[in-house]
Amino acid sequence: MNRVIAILLRHWIFLASFNTVLLAIASVLIMRVPQVWIAKTQLILPVTSSGLTADLGTLGSLNSGGVVFSQQVNPLNIFSSILLSDQTLSQLWNSDPEKAQFANLSSYRQLFTVAPQSESTIISITVNGSTEEMAQGRARRLLNVFQQRMNQLRQNDAVQRSEFMRAELNQSLRNLRQAQTRLTEFQQSSGLVSSDNQIRETVAAISQLTTTRSQVIAQFKSSQAHVKELSNRIGLSTDRAIRSLSLAENRDFQFIRQKLSELEVPLLEAEAKFTRDHPTVQNLLNQRQQLSKQLTQYISDAAANTEGVNSSIGENYGELIQNLVLAEANTSALQNQEIQLQRQIDELNKKLQTFPPAQAKLLELQHQYKIAEGVYNGLVGKVQEAKLNSFSAFPSIQVLDQPSVEVQPSSNSQQKIAIGVVLAGLFGSAALALFLESRNPLLSAEDLRMTEIPILGAVPQFKVLQNRAAVEAETNLEFQRLALAINAMNLENRRFMVSSPASGEGKTTVVLGLAIALATLGLRILIVDTDRDSAGLRTTLGNSALNVSESSDQPISIRPNIDLMTVYHPERQLVDFIVSREFENSLQALQENGNYDYILIDSASICSATETSLMASIISSVLVVVRPGVSQRYLFQKALTQLNQQKVRPMGIILNGMEMKPTDSSYTTQNSMITTSSYRNSI
C-alpha cells in the first residue's frame, strides 16, 4: 500500500490533469444530453378455460384446453418478439413525427423496452420520448399497431390451418372408406366373423385350468408328505400296515377302500365348482363319512383280534392306520384329478390351434379400420376445435394499463455518464500511473540485487527531524550497527563519503546519525559538509553558528568528539578545487592536525552535481543512501554509472525509511554486513 501511495504522489500532477479533463468532458456531455420522458403501459393475456374432448377410439381421446405456459416456450416471449419485430416497428417508425432523428430501425428500437413479468401473464412496456406528449402518443400508436399486427397474424394462421385441416380430413376419410371396403370384402369371401370372444374364453379357460392344476399339484405334494409322516409314525407302509391287521384278504375292506379312493375325485371337483353347503357337496361328504366309518370299524375289529396287539393302544394304532389309508386315498384322488386337468388343458390348446389362419388377416383388417376411424375422428375434433377457438395461436391481448408518463424526465443517461466517468477515472488513472511508472519506476529489491553491492544496513524514517535528541533516540541501535560494520572494514585512509542518487533521500541524516554512533565508540569524527544547495544538516543540528552560506576555514565543534566543517564554493571553483588535489590535501591536513579517526563527507546528490562524482574518485570509499519506495530506478542506475565512469565502486548501500527485524538481518562475524537477500525478505 505504501508503494502505491508513493507512485500516486509521484505522478499526482498528471493524474490530476487527466481527471480534470475527464470531468470537463463529462460536464459537457451531461449538459448536452437531452431530457427523456418515459411512458409506461401494460398488456395482459387472459387465461381461457374453453376446451374440447374427442373420442379417438383405439387411439384414446383428445383433450384440448386454453392457454398453457411452459418453461420452454412462453407465449409472452413470443408476443414480446412481435412487439419489437421489424414489421411492427417499421410501420410505427414511418408515422413517427421524429423519424428524421433516427438513422435506422435499430436505433429507433432503443426507444422501446418490453419485459414479460415472471409468474404472470402481464407484459410491461416502456416507451421513451423527447417530450411528455411524444412519449405518450408513441406508446398509444405502438399498442394500435401491435393489435393490427396480431389480427393480421391471426387471420393468416386461421387460413393456413383451415387449408391444411381440409386436405388432411379428406385424406383420412378416403383412408377410412378403403379400410372399411377391404374388411367387408374379406368377411364376405372368407365367411368369417370376429371370434375375439371365443378366443378370449378359451384362453381364460386354459388359464383357469392351469391355475387349478397348480393348486392340485400343491395339494398332492402336501398329501404325499402327510402319508409319509403317518408311515414314519407307524413304522410301516400302508400295505404292510393293512397286512399286519390281516385286512389284505378282506374283500369288503378292500372294496370300501377302493370306493373311498374313487369318491375323493368327484368330491374335489364339486368343492371347486360349488360352495360347501351345496347339496351335491353335502351328498358326497355324507358318502365319504359313511365309508370312513365302515373302514374304521374294519380296522378296529382287526386290531382287536390281532395277536400281540396291546389292547390299551389298539384304538390309537387303528386310528393311525385309518388316517394313513384315508390320506393315501386322498393322494391317489389328487393325482387322478391332476391327470384329468392336464388332459383338459391339452384339449383346449388343440382347440385354440384349430382356429383358421385367416383369422389373423381378419384381425389385422379390423385393427386397420379402427386406426383409420380414430384418425378421422381426431381430425374432425381438431376442425371443431379450430372453429370454437380461433385465437388459439394468437389470443387476444388486452390493455391492462393505459399509457401514462412520469412527471419528471428520466436521468438514466446522466447517471450512466457519471458512472462511466468515475470508472474511466479509476481505471484510466491506474493505467496512466502504471504507464508513467514503467517509464521511470521506483527502486526495487531486484535492482539492488543486480548491482551486487552489499547492503550495510537499514535505518527507519524519522518522525521528527528538527532536533538532535529525536535523531539520537530513534536511530541509536541501527546506527551503532552501521558504525560497527564500517569500523570493521579498516578503511585505508579512514575517510568516506555519503551521497545519494537524488536529493531528499536522507543522506544528511545518515551522516549525522553515523557520526554520533562512531563517536559513541570513542572515535573522533569530522563532518565535511559540501552540499551547498541543501540546508538539511544545519536544520537538523539547530546551531545558529552554522547559519552561514560561506565556507568555514576551521572545524566547529558541534558535540564531544564531533566537529563540522563546511566547504561552500561555487560549482566551477569547487570542481577546480577538487581536480587540483587541494581538496584531498586539505582533508589530509585536517585529519593529521585534528587527530580525527574518521572524516565523513556529506556531498550533494550524485545526479544533481558534477563535483560529486569527482569527489568520489578522490575519496574512493562511498556510501550510497537510497530510500525504497521513493528512490527512482533510473536515477539510481545513472548514479552507479557515473561512479563507474570514475572507477569508483561503492563500499555499500544504506536503506533509509524502513525497519529491519533482527531475524531479517544477516550479519557476518567479520564485517557485520546485511546481505541483499535479507533486504528482500524485509520488504
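Cut-offs and rules
Residues numbered from 1 in each chain as written. Predicted model: local features only at pLDDT ≥ 70, side-chain atom pairs only at ≥ 80, totals over all residues. Heavy atoms only, no water. Helix = DSSP H or I, 4+ residues; strand = E, 2+ residues; numbered from the N terminus. Buried < 20%, exposed > 50% of the residue type's maximum accessible area, 1.4 Å probe, protein only. Contact = heavy atoms within 4.5 Å. Core = buried A, V, L, I, M, F, W, Y, C linked by side-chain atoms within 4.5 Å. Expected span 1.5 Å × (residues − 1). Arc of directions from axis to C-beta. Patch = residues over 30% accessible without salt bridge, like charges linked within 9 Å, V, L, I, M, F, W, Y side chains within 5 Å. Areas by Shrake-Rupley, 256 points an atom, 1.4 Å probe, with all protein chains shown as cover. Salt bridge = Lys/Arg side-chain N within 4 Å of Asp/Glu carboxyl O. Polar contact = N/O pair within 3.5 Å; in protein donor to acceptor, adjacent residues only side chain to side chain. Pairing = 2+ DSSP bridges. Axes fitted to C-alpha atoms, helices over the stretch in contact; angles between N-to-C directions.

Peer 1: A description of the overall build of the protein should follow, citing residues and the corresponding values.
Peer 2: When its secondary structure is counted, the protein shows 22 helices and 14 strands. Here the protein, with 683 residues, has 40% of them falling under the buried criterion. Sequence-distant contacts, at least 24 apart, represent 78% of the contacts inside the protein between residues at least 6 apart.

Peer 1: Could you give an account of the nonpolar core, naming the residues involved and the relevant values?
Peer 2: Soluble globular proteins tend to pack their nonpolar side chains together in the buried interior. The biggest cluster of nonpolar side chains holds 36 residues, and the ones touching the most others in it are Phe583, Ile601, Phe636 and Ile653. Among the elements that make up this core, the one with the highest residue count is helix α20 (residues 610-619) (five residues). The contact partners of Ile601, leaving out residues within four places of it in the chain, are Phe496, Met497, Val498, Val528, Thr530, Phe583, Leu587, Met615 and Ile619.

Peer 1: Describe the side chain of Glu338, naming the residues involved and giving the relevant values.
Peer 2: Note on placement: Glu338 falls in helix α11 (residues 314-353). Glu338 has contacts with Arg213, Val216 and Ile217, leaving out every residue within four places of it along the chain.

Peer 1: Tell me what's going on with helix α19 (residues 582-593), and back it up with residues and numbers.
Peer 2: Compared with an ideal rise of 1.5 Å per residue, which puts twelve residues at 16 Å, α19 spans 16 Å between its outermost C-alpha atoms and is within 8% of the ideal. Within α19, burial applies to Phe583, Leu587, Leu590 and Gln591. Take α19 and look down its axis: the buried residues cluster within an arc of 95°, on one side only. Those residues of α19 that are exposed and aimed more than 90 degrees away from the buried face are Glu592 and Asn593. Directly after α19, the chain includes Asn595, whose backbone phi takes a positive value near 55°.

Peer 1: Quick rundown of a nonpolar patch on the surface? Include the residues and the values.
Peer 2: Side chains of Ile419, Val422, Leu423, Leu426 and Phe427 sit close together on the surface and give an oily, nonpolar patch of about 530 Å² of accessible area. Checked against the element boundaries, Val422 lands in helix α13 (residues 412-439).

Peer 1: Account for the side chain of Thr612, with residues named and values stated.
Peer 2: When you line up the elements, Thr612 lands in helix α20. A distance of 3.2 Å separates a polar atom in the side chain of Thr612 from the backbone oxygen of Ala604. Apart from residues lying up to four places away in sequence, Thr612 is in contact with Met497, Ser499, Ser603, Ala604, Ser605 and Ile606.

Peer 1: Tell me what's going on with the sheet that holds strand β4 (residues 112-116), and back it up with residues and numbers.
Peer 2: Overall, antiparallel pairing links the four strands, which are arranged β4-β5-β1-β6 in an open sheet. Every interior strand has two partners, whereas the edge strands, β4 and β6 (398-405), have only one. Across the sheet, the mean angle separating the axes of adjacent strands is 15° when strand polarity is ignored. When β4 meets strand β5 (residues 122-129), the two strands line up antiparallel, connected through five bridges. By the bridge assignment, Thr113 is partnered in β5 with Thr126.

Peer 1: Account for unusual backbone geometry, naming residues and giving values.
Peer 2: Located in the positive-phi region is Arg494, a residue other than glycine, with phi close to 55°. Its location among the elements puts Arg494 in the loop between α15 (468-487) and β8 (495-499). Judged by its relative accessible area of 23%, Arg494 is partly exposed.

Peer 1: If you had to explain the pairing of strand β9 (residues 525-529) to someone new, which residues and values would you point to?
Peer 2: A regular strand places its side chains so that they alternate between the two faces of the sheet. Taking burial as the measure, the five residues of β9 include five buried ones, the bulk of the element. Burial of the side chains of β9 extends over both faces: Ile525, Ile527 and Asp529 are buried on one face and Leu526 and Val528 on the other. Here five bridges tie β9 to strand β11 (residues 562-566), and the two strands are oriented parallel to one another. Each residue of the ladder has a partner; that of Val528, found in β11, is Met565. Bridge analysis of β9 against strand β12 (residues 598-602) gives five bridges, and the strand direction is parallel. Paired with Asp529 across the bridge in β12 is Asp602.

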